[in-house]
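Spelled out from the first residue to the last, the chains are:
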Amino acid sequence: MPTRVDKKPSTTKRMIWMIVGVLLLIALIAGIKVLLVMRMIHGMPKPAPFTVSTTTARAQPWQPALSAVGTLRAANGADLAMDVAGLVTGVNLKSGQDVKQGQVLLQLRDGDDVAQLQQLEAAAQLSQLTFERARKQLAAQAISKADYDTAAADLKGRQAAVAQQKVVVAKKQLRAPFAGRAGIITTSPGDYLSAGTTVVTVQQLDPLFVDFYVPQSELGRMQVGQAVNLKLDAYAGRSFTGKLSAISPKVDLGTRNVQVEATVPNHDKALTPGMFAKVSVDIGNEQPRLTLPQAAIVYNPYGDTVYVVQPSKGKDDKGQPLPPTVKQTFVTVGETRGDQVAILKGIEPGTVVVTSGQIKLKNDAPIAIDNSVKPADSAHPAPQEH
């Protein structure tokens with residue numbers, strides 16, 4: 001009987017060799033692809049450096065200041081009105097005219113009052129003569145003391161009537177209570193004015209007061225006599241100076257602020273009561289502060305940062321120096337003045353910081369420095385005329 005031959009082991013070996021061959025083929029294909037990708041990456045050009053401008057952080061003298069908003073107020077200001085009603089007979093004033101203290105601005109009809117005053121003055125003169133005669137007669141004992149007292153009382157009564165009538169006549173004139181500048185007047189001769197009707201405003205323009213409020217937490221740093229600087233939208237590029245003249249002794253219960261008054265000279269009458277002003281009060285002594293342009297700061301909800309320039313490290317394949325890179329660094333900012341901001345913590349003096357082009361940057365990004373155009377970095381900027 002012939003012997004049976006089992007062919008199963010031979011088939012299994014062939015299958016194993018087939019699987020190994022397929023795996024080797026796949027590995028070969030994958031290796032070729034990886035090699036091609038690596039060659040492609042190696043052959044790709046490196047990213048060009050980002051063009052930025054830079055500045056060097058440096059310490060500068062810094063005058064601490066407290067900023068606020070205020071309103072200008074005249075040292076003396078009043079809306080003038082007549083005490084009595086009457087017909088206007090004369091207006092001795094033009095709109096916007098400078099007036100002197102006591103100057104007659106407007107006249108009401110007073111003919112009847114003046115005539116009555118003259119009558120009372122004549123009666124007072126007669127009473128004066130009678131009193132002088134009675135005094136001499138009393139000295140000669142020609143009249144009684146009672147007759148003398150009657151003459152004296154009559155004289156005083158006549159003089160009081162004259163004084164009263166003079167007040168009535170004076171009420172028919174509107175006079176400037178102080179020197180200043182008049183506003184716009186629309187009253188004309190022939191108009192009838194009721195008592196209490198405002199005729200014109202007069203404002204003393206030199207000096208002016210500026211009223212503003214500061215938080216109670218700043219009260220300890222403020223003293224009468226400190227320098228005050230004012231800037232107004234009406235006079236861009238011009239600054240007005242004054243001195244702190246008064247601090248309210250009471251804190252507002254609603255806002256916890258304190259009212260402060262400063263006196264500002266106004267010799268050229270450029271300022272006007274009621275104007276809005278930006279106020280800066282110099283507090284404390286001048287001290288050095290590390291400063292940067294405000295454009296250098298990248299403001300974020302999680303913290304303020306700057307991009308610090310890192311020196312070039314090493315060379316490329318062609319032996320050329322590699323471009324410098326940047327590193328994002330957190331900083332603590334303080335007060336601002338003009339285009340500048342004080343840096344309290346985060347960098348040291350002499351650190352080179354990016355001032356423009358930050359939006360394109362990230363850590364270790366290469367940069368090319370071009371400082372032909374730099375952001376503004378002035379403590380007291382002024383508008384540029386073109």
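Below you will find a few notes about this structure.

Basis of the calculations
- Every chain's residues receive numbers from 1 upward, in the order its sequence appears when written.
- Selection of residues for local features in this predicted model requires a pLDDT of at least 70, selection of side-chain atom pairs for listing and counting requires 80 or more, and totals for whole chains, interfaces and linings are taken over all residues.
- For side-chain calculations, the full set of non-hydrogen atoms in the structure is used, while hydrogens and water are omitted.
- Lines are fitted to the C-alpha atoms to define the axes, a helix being fitted only along its stretch in contact, and any angle between axes, read from their N-to-C directions, falls within 0 to 180 degrees.
- A run of H or I in DSSP counts as a helix once it spans at least four residues, and a run of E counts as a strand once it spans at least two, with each numbered from the N terminus.
- Note that the term roughly parallel is reserved for angles under 35 degrees, roughly antiparallel for angles over 145, roughly perpendicular for angles of 65 to 115, and oblique for everything else.
- Whether a crossing is left-handed or right-handed is set by the direction in which the near helix is turned from the far one by less than a right angle, anticlockwise for left-handed and clockwise for right-handed.
- For this classification, the nonpolar set comprises Ala, Val, Leu, Ile, Met, Phe, Trp, Tyr, Cys and Pro, the charged set comprises Asp, Glu, Lys and Arg, and every other residue, Gly included, is treated as polar.
- Any two strands between which DSSP finds at least two bridges are classified as paired.
- Think of a polar contact as two N or O atoms within 3.5 Å of one another; within protein, one of them needs to be a possible hydrogen donor and the other a possible acceptor, and neighboring residues in sequence only count if both atoms come from side chains.
- Pairs of residues are marked as contacts when any of their non-hydrogen atoms sit within 4.5 Å.
- Only residues whose relative accessible area exceeds 30% and that form no salt bridge enter a patch; like-charged residues are grouped when within 9 Å of one another, and nonpolar side chains (Val, Leu, Ile, Met, Phe, Trp, Tyr) when within 5 Å.
- Working definition of accessibility: Shrake-Rupley area with a 1.4 Å probe, residue cover restricted to the visible protein chains.
- By convention in these notes, a salt bridge is any Lys or Arg side-chain nitrogen within 4 Å of a carboxyl oxygen on Asp or Glu.
- Burial here depends on accessible area, computed with a 1.4 Å probe over protein chains only, as a share of the maximum for the residue type. Under 20% is buried, over 50% is exposed, and the range in between is partly exposed.
- We call a set of buried Ala, Val, Leu, Ile, Met, Phe, Trp, Tyr and Cys residues a nonpolar core when their side-chain atoms join them within 4.5 Å.
- Take the residue count of a helix, subtract one, and multiply by 1.5 Å to get its expected span.
- Two aromatic rings, drawn from Phe, Tyr or Trp (for Trp, its six-membered ring), form a pair once their centres lie within 6.5 Å of each other, and the interplanar angle then sorts them: stacked below 30 degrees, edge-to-face above 60, tilted otherwise.
- Here, over-ring charges are defined by two tests on the NZ atom of lysine or the CZ atom of arginine: distance to the ring centre within 6 Å, and angle to the ring normal within 35 degrees.

### Focus on the packing of helix α2 (residues 111-139) against helix α3 (residues 145-170)
- Taken N-terminus to C-terminus, the directions of α2 and α3 make an angle of 160°; their axes are 8 Å apart at the nearest point. By the angle between their directions, the pair α2 and α3 is classed as roughly antiparallel. You can see that α2 and α3 cross each other, and the crossing is left-handed.
- Taken together, the residues of the contact of α2 with α3 sort by class into 16 nonpolar, 6 polar and 7 charged.

### Digging into the sheet that holds strand β20 (residues 332-337)
- Taken together, 4 strands build an open sheet; the order of strands is β2-β17-β21-β20 and the sheet is antiparallel. The open sheet has two free edges, formed respectively by β2 (58-62) and β20, since each of these has just one partner strand. On average, adjacent strands in this sheet sit at an angle of 50° to one another, irrespective of strand direction.
- Two strands pair when backbone bridges link them, and strand β17 (residues 287-293) and strand β21 (residues 340-345) are joined in this way by 4 bridges, in the antiparallel orientation. From the neighbouring strand, Thr291 faces β21, where its bridge partner is Ala342.

### With respect to the side chain of Asn266
- Considering the arrangement of structural elements, one finds Asn266 in the loop between β15 (257-264) and β16 (276-282).
- Engagement of the side chain of Asn266 in a polar contact is seen with the backbone oxygen of Leu205, the distance being 2.9 Å.
- In this structure the side chain of Asn266 is engaged in a polar contact, spanning 3.1 Å, whose partner is the backbone oxygen of Leu271.
- For Asn266, the residues in contact, after removing those within four places along its chain, are Leu205, Asp206, Leu208 and Leu271.

### Here's the deal with a nonpolar patch on the surface
- Where nonpolar side chains cluster on the molecular surface, the patch consists of Met18, Ile19, Val22, Leu23 and Ile26 and spans about 510 Å² of accessible area.
- By secondary structure assignment, the location of Val22 is in helix α1 (residues 8-43).
- Relative accessible area serves as the criterion here: at 44%, Val22 is assigned to the partly exposed category.

### Observations regarding the sheet that holds strand β11 (residues 198-203)
- What the 4 strands build is an open sheet, ordered β4-β11-β9-β6; its pairing is antiparallel. Unpaired on one side and paired on the other, β4 (77-81) and β6 (98-99) mark the two borders of the sheet.
- Where β6 meets strand β9 (residues 180-182), 2 bridges bridge the pair, whose relative direction is antiparallel. Paired with Asp98 across the two strands is Arg181, which belongs to β9.

### A few points about the nonpolar core
- Leu72, Val210, Phe212, Met222, Leu230 and Leu232 are the most contacted members of the largest nonpolar core, which has 25 residues in total.
- Of all the secondary-structure elements, those providing two or more residues to this core are β3 (65-74), β12 (208-215), β13 (227-231), β14 (239-251), β15 and β16.
- Setting aside residues up to four positions removed in sequence, Met222 forms contacts with Leu66, Phe212, Val214, Leu244, Ile247, Val260 and Val281.

### A closer look at α2
- Along its 29 residues, α2 runs 42 Å from first to last C-alpha, staying within 8% of the 42 Å computed at 1.5 Å per residue.
- Within the span of α2, buried status applies to Asp113, Leu117, Ala124, Ser127, Phe131 and Ala134.
- In this structure, the buried side of α2 is in contact with α3.
- Of the residues trailing α2, Gln141 is marked for its positive phi of about 60°.

### Some points on the packing of aromatic side chains
- Under the defined criterion, the tally for this structure stands at 3 aromatic pairs.
- Seen in terms of ring centroids, Phe131 and Tyr148 are 5.4 Å apart; in terms of plane orientation they differ by 35°. Their pairing is tilted. One end of the pair, Phe131, is in helix α2; the other, Tyr148, is in helix α3, with 17 residues separating them in the sequence.
- Residue Phe131 is classed as buried on the basis of its relative accessible area, which comes to 14%.
- By relative accessible area, Tyr148 is classed as buried at 17%.
- Arranged with centres 5.8 Å apart and planes meeting at 70°, the rings of Tyr235 and Phe240 form a pair that is edge-to-face.
- Over the ring of Tyr235 we find Arg238, and its NZ or CZ is 5.9 Å from the ring centre.

### Topic: unusual backbone geometry
- The omega torsion across Asp206 and Pro207 is 0°, close enough to zero to call that bond cis.
- The residue Lys269 is not glycine, and still its phi comes out positive at about 60°.
- Looking at where Lys269 falls in the secondary structure, it is placed in the loop between β15 and β16.
- You can call Lys269 partly exposed: its relative accessible area is 30%.
- Non-glycine residue Asp364 carries a positive phi angle of around 70°.
- With respect to the element layout, Asp364 can be found in the loop between β22 (352-356) and β23 (367-369).

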